[in-house]
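# An overview of the molecular structure
Given next are the chains, with one letter for each unit.
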Amino acid sequence: MKKLSLDSKLAVVTETATALMKEELDLSGLLELILDRVKNLFDVERCAVLLCEDRTGTLNMLKAVGYSDDVSRGFSIRIGEGISGWVASSGMPAFVEDVSTDARYVPGVDGAVSEVAVPLKRNNTVVGVLDIETREKVSREDFDMELLTVFASQCANALHNASLMRTVQQKSEQLEARVRELQVLNHVGKLLGRILPLKQLLSEILRMANEVFSFKACAVLLAEPGDPSSMTVKAAVGYPDDAISTLTIKRGEGITGEVYRTGIPRLVEDITLDPAYIPGIIGGRCEMACPLVARGKVLGVLDAEGEKPGCFDEQKFVLFSTFASQAAVAIRNAQMLERTQSTYYQTITSLANALEARDSYTRGHSERVTALAMRIGANMGLGRRDMGVIRESGLLHDIGKIGIPDGVLNKPSSLSTSEREEIEHHPMFGNNILGQLKFLHQASKAILHHHERFDGQGYPAGLLGQEIPLVARIIAVADAWDAMTSTRPYRNALERQSALDEISQHSGAQFDPAVVKAFLDVVGAESLPPGPGADHDEGGEG
């Protein structure tokens, strides 16, 4: 290149200093600016910035132009080795007109003839090297070494500041990531204090795991009750449905099966190199699999896959293992809850069936009331939780009649005042039976109030309008319909139209008008056959 005049050099130095001071330049943008200036100022095709790594004693290529990717990507040389390594070690610039005659040169790039390297110094400490290679011979007389040295000094300060900024940003990102991780672990810990339905819990576990680990896919595999020989997928995200819907993994089969068998977590950096891998997603390369262990028993495996080899490091793996340990306790609690609820529910349902068996006229009444109430609830747009309460309340709404004597319950004629009062106690008896069961709390309240009237004239509490639980209002209509359309010992069933007229006439008085509307929509669209019998009571009550 042709050497510049002093005024031109000063202009270049001033303009370069201004450009390097721009606040919006991050490290990557700064490196691009430096190399672009070197390329244009000194009319060269190849140049690179290399930084010293004290920990490893190496000089690592940070950014380059004019080199092929296989040369520039990951290039590293020991400090003291080669021309650039010598510059880093000595702190002196090097100008080599013909690299083939210099013993320090380490061949690496085809066609290199001349090489110029200057140290990047910060407070008299070499922090890196600015290196130039040319395919044509360059003489010292034609190259402005002074300008390159000044330029390198400016770059060293700018790179130092940018590196500090990048370090601060990285530390900040690491701190934010750690805070998110601790927040998720804290959230999982809170789950241990709550007992959620298993399906809801597993969805929450996967959601929280994705917040921290950013996986491509993740699954919870659990052993089937009473069959610890294999696992099935109970919840998953990121997997094709056809890949997991029927997937069963036996103990010891594949990576997850082996983790299930041994109870030892595994991190596989590249699953394509592991013969035990069972393909789950297209493109999965890295896998973490951790056992779900509670009270010394392996319940299953929490498994995550990423797209790139090594995308899960040791730090994430340790965190994932901790996450799985906490999740396992919550899963065990949810499983115990399901088993306990199932046992209670079977017991209470058996009691309800035993109640209906006392009177052939009432057999099937609870099932019919439940089926109709569910359709009314669906018509009103109720959610999954409320629909569950309707199902429980419908099946058990007359459980309190267990405490009513057979002579009253099956009396073939109208009830006396005292007998009616006795019958009217059955909602309270039902609430007393079910109210102690926490998982049936909402259902027990609906059962307690399913004989309230919308106008406040019902029993046992005389609640008015919206004070009555919605599920109780729905059960009231379904119960009355089945009672009126069923044959009783003391009367025949009403005709369909007569029963419809009865319910319509009592809308706003005995029944919630909104529930009656939904009921009429349902019975207008469906055929609801009457049952053979229902509860022993009068006035459209069950």
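The numbers attached to residues start from 1 for each chain and follow its sequence in the written order. Reporting in this predicted model follows two pLDDT cut-offs: at least 70 for local features of residues, and 80 or more for side-chain atom pairs to be given and counted; totals over whole chains, interfaces and linings ignore these cut-offs and use all residues. Side-chain numbers come from the whole structure's heavy atoms, not from hydrogens or water.

The next thing to look at is the overall build of the chain. Elements are defined by DSSP. Helices are runs of H or I of four residues or more, strands are runs of E of two residues or more, and each kind is numbered from the N terminus. If you tally the helices and strands in the chain, you get 18 helices and twelve strands. Relative to its full complement of 542 residues, the chain shows a buried share of 46%. Relative to all contacts within the chain whose residues are 6 or more apart in sequence, the contacts with residues 24 or more apart total 60%. Computed by Shrake-Rupley with a 1.4 Å probe, the accessible areas treat only the displayed protein chains as cover when residues are assessed. Summed over its atoms, the accessible surface of the chain is roughly 26,800 Å², and 51% of this surface lies on carbon and sulfur atoms. Relative accessibility thresholds used throughout: buried, under 20% of the residue-type maximum; exposed, over 50%; partly exposed, between the two (1.4 Å probe, protein chains only). A contact between two residues is defined here by any heavy atoms of the two lying within 4.5 Å.

Below, the discussion takes up unusual backbone geometry. A cis amide bond, omega 10°, links tyrosine 459 with the succeeding residue proline 460. Looking at the secondary structure, you find proline 460 in the loop between helix H15 (441-448) and helix H16 (470-484). Unlike most non-glycine residues, asparagine 124 shows phi in positive territory, near 65°. Residue position: asparagine 124 is located in the loop between strand E5 (114-122) and strand E6 (125-134). Of the residues examined, asparagine 124 reaches a relative accessible area of 75% and is grouped as exposed.

Here, a salt bridge means any side-chain nitrogen of Lys or Arg that lies within 4 Å of a carboxyl oxygen of Asp or Glu. Taken as a whole, this structure holds 14 salt bridges when the rule is applied. For lysine 216, the salt bridge identified is with glutamate 307, shortest N-O distance 3.5 Å. With lysine 216 in the loop between helix H6 (198-213) and strand E7 (217-224) and glutamate 307 in the loop between strand E12 (297-306) and helix H9 (314-357), this pair connects stretches of sequence that are 91 residues apart. Looking at lysine 216, the relative accessible area reads 34%, which means it is partly exposed. Note that aspartate 398 is salt-bridged to lysine 401, the shortest N-O span being 4.0 Å. The pair aspartate 398 / lysine 401 is uniform in exposure class, with both members buried.

Between any two strands, pairing holds if DSSP finds at least two bridges. If you walk across this open sheet you meet the six strands as E3-E2-E1-E6-E5-E4, and the pairing is antiparallel. What marks the edges here is a single partner per strand, and that holds for strand E3 (76-78) and strand E4 (94-96). Strand-to-strand twist in this sheet, taken as the mean axis angle between neighbours without regard to direction, amounts to 20°. Think of each axis as a best-fit line through the C-alpha atoms, taken over the contacting stretch in the case of a helix, with angles from 0 to 180 degrees between the N-to-C directions. Along the sheet face, helix H4 (residues 82-90) touches strand E1 (46-53), strand E2 (58-65), E3, E4, E5 and E6 and points at about 25° away from the line of E5.

Here the focus is the environment of valine 237. For valine 237, the position within the fold is in strand E8 (residues 227-237). Each C-alpha atom of the pair valine 237 and asparagine 210 lies 9.2 Å from the other, and the pair is 27 residues apart in sequence.

We describe a pair of aromatic rings using the distance from one ring centre to the other and the angle between the two ring planes. Working definition: a ring pair exists when centres of Phe, Tyr or Trp rings (six-membered ring for Trp) sit within 6.5 Å. Plane angles under 30 degrees give stacked, over 60 give edge-to-face, the rest tilted. Applying the stated criterion to the full structure yields three aromatic pairs. Summarising the aromatic geometry, the rings of phenylalanine 42 and phenylalanine 143 are spaced 5.3 Å apart at their centres and angled 20° between planes, so their arrangement reads as stacked. Here phenylalanine 42 is found in the loop between helix H2 (27-41) and E1, whereas its partner phenylalanine 143 is found in the loop between E6 and helix H5 (145-192), with 101 residues between them in sequence. Of the two residues, phenylalanine 42 and phenylalanine 143, both sit in the buried class. In this structure an aromatic cluster arises from ring pairing among Phe42, Phe95 and Phe143.

The biggest cluster of nonpolar side chains holds 40 residues, and the ones touching the most others in it are Ile376, Leu396, Val477, Ile503 and Phe519. For this core, the elements supplying multiple residues, two or more each, are H9, helix H10 (365-379), helix H11 (384-396), H15, H16, helix H17 (496-505) and helix H18 (513-525). Of the residues forming this core, the biggest block, nine residues, is contributed by H16. Definition used in this section: a nonpolar core is a set of buried Ala, Val, Leu, Ile, Met, Phe, Trp, Tyr and Cys residues joined via side-chain atoms within 4.5 Å. Counting residues in each nonpolar core, the second largest holds 35 residues, with Leu198, Leu201, Phe215 and Ala235 among its members.

Next up on the list: H16. In an α-helix, one turn spans 3.6 residues, which is why side chains three or four residues apart end up on the same side. Helix span, expected: 1.5 Å multiplied by one less than the number of residues in the helix. Between its first and last C-alpha atoms H16 spans 22 Å; for 15 residues at 1.5 Å apiece the expected length is 21 Å, and the two agree. Taken across its 15 residues, H16 has 14 buried, putting it largely inside the fold.

The subject of this paragraph is the sheet that holds E7. Spatially, E9-E8-E7-E12-E11-E10 is the arrangement adopted by the six strands of the open sheet, whose pairing is antiparallel. At either margin of the open sheet sits one strand with a lone partner, and together these are strand E9 (248-250) and strand E10 (266-268). Within the sheet, the average angular offset between the axes of one strand and its neighbour, ignoring direction, is 25°. Each of E7, E8 and strand E11 (286-294) touches H6; the most contacted strand, E7, lies at about 145° to it.

Turning to the environment of serine 325, a few remarks are in order. Looking at where serine 325 falls in the secondary structure, it is placed in helix H9. Once the C-alpha coordinates of serine 325 and cysteine 290 are considered, the two residues, 35 residues apart in sequence, prove to be 8.4 Å apart.

Moving on, we get to the layout of surface pockets. As a volume, the largest pocket reaches approximately 1,300 Å³. Residue assignment for the lining of the largest pocket shows that the elements contributing at least two residues are H6, H9, H11, H15 and H16. Partitioning the lining of the largest pocket into residue classes produces 15 nonpolar, seven polar and ten charged. Cavities and pockets are defined on a 1 Å grid built over the protein atoms alone: a cavity is a set of grid points where a 1.4 Å probe fits but cannot escape, while a pocket is an open set with protein on both sides within 12 Å along at least five of seven lines, and lining residues are those with an atom within 4 Å of any such point. Grid points are joined across faces, edges and corners, and a volume is the space filled by probe spheres set on the points. Of the voids in this model, the second largest pocket is the one considered here, and its volume is about 450 Å³. Considering the residues around the second largest pocket, the lining is formed by 20 residues, among which Ala223, Pro225, Lys297, Gln335 and Arg339 are closest to the centre. Each residue is assigned to one class: nonpolar for Ala, Val, Leu, Ile, Met, Phe, Trp, Tyr, Cys and Pro, charged for Asp, Glu, Lys and Arg, and polar for all the others, Gly among them.

So, about helix H14 (residues 426-434). Considered for burial, the residues of H14 that qualify are His426, Pro427, Gly430, Asn431 and Leu434. Projected down its long axis, H14 carries its buried residues within an arc of 145°, all on one side. Of all possible arcs, the one meant is that of the directions from the helix axis to the C-beta atoms.

This paragraph deals with the packing of H11 against H15. Between H11 and H15, the least distance of the axes is 9 Å, while the angle of their chain directions is 50°. In terms of orientation, H11 lies oblique with respect to H15. Handedness of the crossing formed by H11 with H15: right-handed. Here H11 contributes Val389, Glu392, Ser393 and Leu396 to the contact with H15, which in turn contributes Gln442, Ala443, Ala446 and Ile447. Partitioned by chemical class, the residues of the contact of H11 with H15 number five nonpolar, two polar and one charged. Note on angle classes: values under 35 degrees are labelled roughly parallel, values over 145 roughly antiparallel, values of 65 to 115 roughly perpendicular, and the remainder oblique. Helix crossings are classified by the rotation of the near helix relative to the far one: an anticlockwise turn of less than a right angle makes the crossing left-handed, while a clockwise turn makes it right-handed.

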